[in-house]
Amino acid sequence: MLMHAELRLLLALARDHFRNEGFIVDAGAFLGGSTAALGAGLLANPRYRASPRKGVIVSYDLFHTGSVWGTAGMRFFEPGTPKGADFLPQFRANTAFIGDALEIRSGDITQTGPVPAPVEILFIDVAKTCRVNDWVVRHFFPALIPGHSLVIQQDYLWTGWNGWIHATMEHYSDHFEMLDHTESNSVVFRYVKPIPAGEIPEHLVETMSRSRILELQANAMSRFTGRQRDILAESRRQLEEYLAKWHPTP
């Protein structure tokens, strides 16, 4: 479910940016598109080839169709595939070429044990809820390497209700710089300054007021023009509906 530009981006980052000092986290792997791109890049990385290691790429997903959002995702399965069907075998087949450089963590990401550290590349396509977003931030951001690590927010330029992603990155805008984007969907950030211990609460966006979340989302919109700004405007409209219904604090 990734665009060709996103696949090329992930391959290039794993090949050219990864120093083979830490890990690549693939958070929201689905059938393995992002994993395969990262794996192809890793296997072409001269630093990794000189000193190969096991479990360098750590891929997370529920790996069942109950986690697939909408008809766009279900088109990858046979008609009549039931909700909750396991697609881990398909993922394994699609990523088998990576070998033991891949570690698979199946299940709820918030229940899959300690996170790998340090993290050089963090691809986030799993922040479909505010709760999961906050967990990812709480546990993975402290594992980032200042001045080096990259965070790719796959749902950033998408017309969804997921404004907690924009709120998160704007809240920590002093600690990240925006490097690039793929016109729609993915935006790449570099972690430039450490976030002090104690400044990543357990529930970052969940405990923000509605007005603060919308303020941060507006800040995110101001960084873009044209089609990207239109995408964020639609995302904001859906965010406002979501907050009015589900977020208790004005």
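Residues numbered from 1 in each chain as written. Predicted model: local features only at pLDDT ≥ 70, side-chain atom pairs only at ≥ 80, totals over all residues. Heavy atoms only, no water.

A.B. asks: Explain unusual backbone geometry to me, and be specific about the residues and the numbers.
C.D. replies: Here A117 and P118 are connected by a cis peptide whose omega angle stands at -5 degrees. By secondary structure assignment, the location of P118 is in the loop between β3 (102-106) and β4 (119-124). Its identity as a non-glycine residue notwithstanding, N185 has a phi of 75 degrees, on the positive side. Position of N185 relative to the elements: it lies in strand β7 (residues 185-191). Residue N185 is classed as buried on the basis of its relative accessible area of 13%. (Helix = DSSP H or I, 4+ residues; strand = E, 2+ residues; numbered from the N terminus. Buried < 20%, exposed > 50% of the residue type's maximum accessible area, 1.4 Å probe, protein only.)

A.B. asks: Explain the packing of helix α6 (residues 130-140) against helix α7 (residues 163-171) to me, and be specific about the residues and the numbers.
C.D. replies: The contact between α6 and α7 brings their axes to 9 Å, and the two run at 30 degrees. With respect to their mutual orientation, α6 and α7 come out roughly parallel. Note that α6 runs across α7; the crossing there is right-handed. On α7, the residues that touch C130, N133 and V137 of α6 are W164, I165 and T168. (Axes fitted to C-alpha atoms, helices over the stretch in contact; angles between N-to-C directions. Parallel < 35°, antiparallel > 145°, perpendicular 65-115°, else oblique. Left-handed = near helix turned anticlockwise from the far one by under 90°. Contact = heavy atoms within 4.5 Å.)

A.B. asks: Run through the packing of α7 against helix α8 (residues 210-221), naming residues and quoting values.
C.D. replies: It is the contact of α7 with α8, at a shortest axis distance of 8 Å, that shows an interaxial angle of 80 degrees. Here α7 lies roughly perpendicular to α8, going by the angle between them. Here H166, A167, E170 and H171 of α7 lie close against α8, whose contacting residues are R212, I213, L216, Q217, N219 and A220. Counted by class, the contact of α7 with α8 contains 4 nonpolar, 4 polar and 2 charged residues. (Nonpolar A, V, L, I, M, F, W, Y, C, P; charged D, E, K, R; others polar.)

Everything listed is a geometric property; what it means functionally is a separate question.
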